[in-house]
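Observations on the model geometry
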Amino acid sequence: EAGVVQSPRYKIIEKKQPVAFWCNPISGHNTLYWYRQNLGQGPELLIRYENEEAVDDSQLPKDRFSAERLKGVDSTLKIQPAELGDSAVYLCASTGIGIGTDTQYFGPGTRLTVL
Amino acid sequence: AQSVTQLDSQVPVFEEAPVELRCNYSSSVSVYLFWYVQYPNQGLQLLLKYLSGSTLVKGINGFEAEFNKSQTSFHLRKPSVHISDTAEYFCAVSVWNDYKLSFGAGTTVTVRA
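Described below are features of the structure shown in this document. Throughout, residues of each chain are indexed from 1 in the direction in which the sequence is written. In the order they appear in the text, chains get letters beginning with A and ligands get numbers beginning with 1. For this predicted model, a pLDDT threshold of at least 70 governs which residues receive local features, and a threshold of 80 or more governs which side-chain atom pairs are given and counted, while totals over whole chains, interfaces and linings are taken from all residues. Derived side-chain values reflect all non-hydrogen atoms in the structure, with water molecules and hydrogen atoms excluded from consideration.

A few words now on the overall build of chain B. On a plain count of helices and strands, chain B comes out with zero helices and 12 strands. What counts as a helix is a DSSP run of H or I of at least four residues, what counts as a strand is a run of E of at least two, and both are numbered from the N terminus. In chain B, the succession of α and β elements from N to C terminus is β-β-β-β-β-β-β-β-β-β-β-β. Over its C-alpha trace chain B gives a radius of gyration of 13 Å, about what one expects of a compact globule, namely 13 Å for 113 residues. The principal-axis extent of the C-alpha atoms belonging to chain B is close to 45 × 30 × 20 Å. The buried label applies to any residue whose accessible area, calculated with a 1.4 Å probe on protein chains only, is under 20% of its type's maximum; exposed applies above 50%, and partly exposed to all values in between. The buried share of chain B, taken over its 113 residues, is 47%. Counting contacts in chain B only where the partners sit at least 6 residues apart, residues at least 24 apart contribute 55% of the total. Here, Shrake-Rupley sampling with a 1.4 Å probe gives the accessible areas, and only protein chains in the shown set may cover a residue. About 5500 Å² of surface is accessible on chain B, with carbon and sulfur atoms providing 50% of the total. When charges are tallied, Lys and Arg are placed among the positive residues and Asp and Glu among the negative ones, while His and the ends of the chain are skipped. Think of each charge as sitting on NZ of Lys, CZ of Arg, CG of Asp or CD of Glu. In chain B, 8 positive and 9 negative side-chain charges are present, and the distance between their average locations comes to 6 Å. When we talk radius of gyration, it's over C-alpha atoms, and the globule rule is simply 2.2 Å times the number of residues to the 0.38. In this description, contact between two residues means that some pair of their heavy atoms is separated by no more than 4.5 Å.

In this section: the overall build of chain A. Of the regular secondary structure elements, chain A holds zero helices and 11 strands. If you list the helices and strands of chain A from N to C, you get β-β-β-β-β-β-β-β-β-β-β. A globule of 115 residues ought to have a C-alpha radius of gyration of about 13 Å, and chain A, at 13 Å, matches this closely. For chain A, the residues scored as buried account for 50% of the 115 residues in total.

Here we take up the interface of chain A and chain B. Taken together, the contact pairs 24 residues of chain A with 22 residues of chain B. Put simply, buried area is the surface a 1.4 Å probe can reach on two separate parts but cannot reach once they are joined, added for both. Where chain A abuts chain B, roughly 1800 Å² becomes buried across the two surfaces, and 50% of that area is made up of carbon and sulfur atoms. Every case where a carboxyl oxygen of Asp or Glu lies within 4 Å of a side-chain nitrogen of Lys or Arg is listed as a salt bridge. Our enumeration of links across chain A and chain B arrives at zero salt bridges. A 3.5 Å cut-off defines polar contacts: any pair of N or O atoms within that distance qualifies, except that in protein one atom must be a possible hydrogen donor and the other a possible acceptor, and neighbouring residues in sequence count only when both atoms are side-chain atoms. Where chain A packs against chain B, one counts five residue pairs in polar contact (both at pLDDT 80 or more). Among the secondary structure elements, those contributing two or more residues to the side of chain A that touches chain B are strand 4 (31-37) and strand 5 (44-50) of chain A. Residues are grouped as follows: Ala, Val, Leu, Ile, Met, Phe, Trp, Tyr, Cys and Pro are nonpolar; Asp, Glu, Lys and Arg are charged; every other residue, Gly included, is polar. In terms of residue class, the side of chain A that touches chain B is built from eight nonpolar, 11 polar and five charged.

As a further point, take the pattern of salt bridges. Under the defined criterion, the tally for this structure stands at 10 salt bridges over all chains. A:Glu83 serves as the salt-bridge partner of A:Arg64, at 3.3 Å between the closest nitrogen and oxygen. Residue A:Arg64 is located in the loop between strand 6 (53-56) and strand 7 (65-68), and its partner A:Glu83 is located in the loop between strand 8 (75-79) and strand 9 (88-95); the two are separated by 19 residues in the primary sequence. By relative accessible area, which is 14% here, A:Arg64 ends up buried. A salt bridge links B:Lys58 to B:Glu64; the shortest N-O distance between them is 2.8 Å.

Moving on: the pairing of strand 4 (residues 23-26) of chain B. All names here are of chain B. Only one face of strand 4 is covered, namely the face carrying Cys 23 and Tyr 25; the face carrying Asn 24 and Ser 26 is uncovered. Bridging between strand 1 (residues 3-6) and strand 4 involves four bridges; their strand directions are antiparallel. Paired with Ser 3 across the strands is Ser 26, a residue of strand 4. Only strands that DSSP links by at least two bridges are regarded as paired with each other.

Turning next to the state of the cysteines. Residue and element names in this part refer to chain A. The disulfide criterion is simple: two cysteine sulfur atoms within 2.5 Å. Applying the stated criterion to the full structure yields two disulfides over all chains. Each sulfur in the disulfide pair Cys 23 and Cys 92 lies 1.9 Å from the other. On the sign convention where negative is left-handed, the bridge of Cys 23 and Cys 92, at about -70° about the S-S bond, is left-handed. One end of the pair, Cys 23, is in strand 3 (residues 19-24); the other, Cys 92, is in strand 9, with 69 residues separating them in the sequence. Like Cys 92, Cys 23 is buried.

Residue and element names in this part refer to chain B. Bridge analysis of strand 5 (residues 31-38) against strand 6 (residues 44-50) gives six bridges, and the strand direction is antiparallel. Directly across from Tyr 36, in strand 6, lies its bridge partner Leu 46. Hairpin connection, strand 5 to strand 6: the antiparallel pair is bridged by five residues, and Asn 41 has positive phi, about 60°.

And the structure:
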């Protein structure tokens, strides 16, 4: 079974440029998460989807960040315009259907460097 | 809201020696607890989790952790480490029936021959 797929793995851009990250969750997983992991810290949740609905986006900086999961499968996270402080690893995770807290399966992440 | 404190940022250890990584959490309600491992340039992989039941939880790669409710701790242990255990380890907590994971800052384990 394929795991969570993310692309690109690395991205270097100049500040004020736009950037987009793509995630394809494990097949059949209806819940998808985007996290940001700053250097030397644990991941922090940006947004959580249940199918195509964003059910928790309270930590997403909506002035420059946006996300979509149009068909309830793969998802795109966008930053426009990027700032120096956005340099981080962006992780995608997914879980299957179930009550309580299921195991979150993580992708390898996209390492963003903003110059 | 819940939070996690990992008490050691770096833990150097010799091969075949035991290791313990300390994790304390705070929450006003019942929690689920997790340990994840992150190898260089990879995503997070679940080592083990505590949802309910026995307070001693066994995971992959010979790791185990013990949930201590009175001390609000969930320390991770391995009796004999290998070079391949060199990685970043994260403790995480979530509240019952809430999917949101709160992570600690991580502990870097470096195993030396």
